[in-house]
Amino acid sequence: MDILLYFGGPTLIAFLIQILIGCRAQHKILRYIPIYCFVIAVIFAVIALTADSGFLIGGNVIVALVWCIIGICFLLGYVLAILVCKHRKS
């Protein structure tokens, strides 16, 4: 159940943000909010990868992998919302 919360949550959030704000926005900056979230998740992954773990060997890699998966979930929600918006218009 935790995995659904950790990875389904960002997908749902990105989907809802894009449907409610991004598809209706006139400004280009507001259209790409989930992509900004993806970039932030990748930045967090890089920070986690380069940080000193202290006690656990390989812990940084696991944390960086989780952040990358969360970023991919943001992109998945964005793509799903774009497909829904395109389908609604046609």
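Right, let's walk through the structure included here. Small disclaimer: the values here were computed from a predicted structure and weren't measured.

Each value, and the rule that gives it
As a convention, each chain's residues are numbered from 1 in the sequence order in which they are written. Selection of residues for local features in this predicted model requires a pLDDT of at least 70, selection of side-chain atom pairs for listing and counting requires 80 or more, and totals for whole chains, interfaces and linings are taken over all residues. Side-chain figures throughout are based on the complete set of non-hydrogen atoms in the structure, without hydrogens or water. Elements are defined by DSSP. Helices are runs of H or I of four residues or more, strands are runs of E of two residues or more, and each kind is numbered from the N terminus. Between buried and exposed lies partly exposed: a residue is buried under 20% and exposed over 50% of the maximum accessible area for its type, with that area taken using a 1.4 Å probe on protein chains only. The contact definition used throughout considers only heavy atoms, calling two residues in contact when any of these lie within 4.5 Å. Residue exposure ignores everything except the shown protein chains as possible cover, and the areas themselves are Shrake-Rupley values with a 1.4 Å probe. For patch detection, residues must exceed 30% relative accessible area and be free of salt bridges, and they are connected within 9 Å for like charges or within 5 Å for nonpolar side chains (Val, Leu, Ile, Met, Phe, Trp, Tyr). Here, a salt bridge means any side-chain nitrogen of Lys or Arg that lies within 4 Å of a carboxyl oxygen of Asp or Glu. Multiplying 1.5 Å by the residue count of a helix minus one yields the expected span of that helix. This arc is built from the directions going out from the helix axis to the C-beta atoms. A pocket here means an open set of points on a 1 Å grid, computed over the protein atoms alone, that has protein on both sides within 12 Å along at least five of seven lines. A cavity is instead a set of points where a 1.4 Å probe fits but cannot get out; residues with an atom within 4 Å of a point line either one. Grid points are joined across faces, edges and corners, and a volume is the space filled by probe spheres set on the points. Gly counts as polar in this scheme, as do all residues outside two lists: the nonpolar Ala, Val, Leu, Ile, Met, Phe, Trp, Tyr, Cys and Pro, and the charged Asp, Glu, Lys and Arg.

**A closer look at the overall build of the protein chain**
Within the protein chain, the regular secondary structure consists of four helices and zero strands. With respect to the three principal axes, the spread of C-alpha positions in the protein chain is 55 × 30 × 15 Å. For the protein chain, the residues scored as buried account for 26% of the 90 residues in total. Within the protein chain, residue pairs in contact and separated by at least 24 positions form 64% of the contacts whose partners lie at least 6 positions apart. Surface exposure of the protein chain reaches about 6,400 Å², of which carbon and sulfur atoms provide 77%.

**A look at a nonpolar patch on the surface**
A cluster of nonpolar residues, Leu12, Leu16, Leu20, Ile21 and Leu30, forms a patch on the protein surface that exposes about 430 Å² of accessible area. Here isoleucine 21 lies in helix H1 (residues 2-22). Overall, isoleucine 21 belongs to the partly exposed group, its relative accessible area being 38%.

**Brief notes about helix H3 (residues 33-50)**
With 18 residues, H3 extends 26 Å between its outermost C-alpha atoms, agreeing within 8% with the 26 Å of an ideal straight helix rising 1.5 Å per residue. Among all positions of H3, only Pro34, Ala41, Ala45 and Ala48 are buried. Summarising the axial view, the buried residues of H3 lie within an arc of 65°, below the 170-degree limit, and thus occupy one face.

**What to know about the layout of surface pockets**
Within this model, the largest pocket holds a volume of roughly 160 Å³. Lining the largest pocket, in full, are Gln18, Gly22, Cys23, Arg31, Ile82, Cys85, Lys86 and Lys89. Of all the secondary-structure elements, those providing two or more residues to the lining of the largest pocket are H1 and helix H4 (59-89). Take the lining of the largest pocket: its biggest share by element is four residues, from H4. A breakdown of the residues in the lining of the largest pocket according to their chemical character gives three nonpolar, two polar and three charged.

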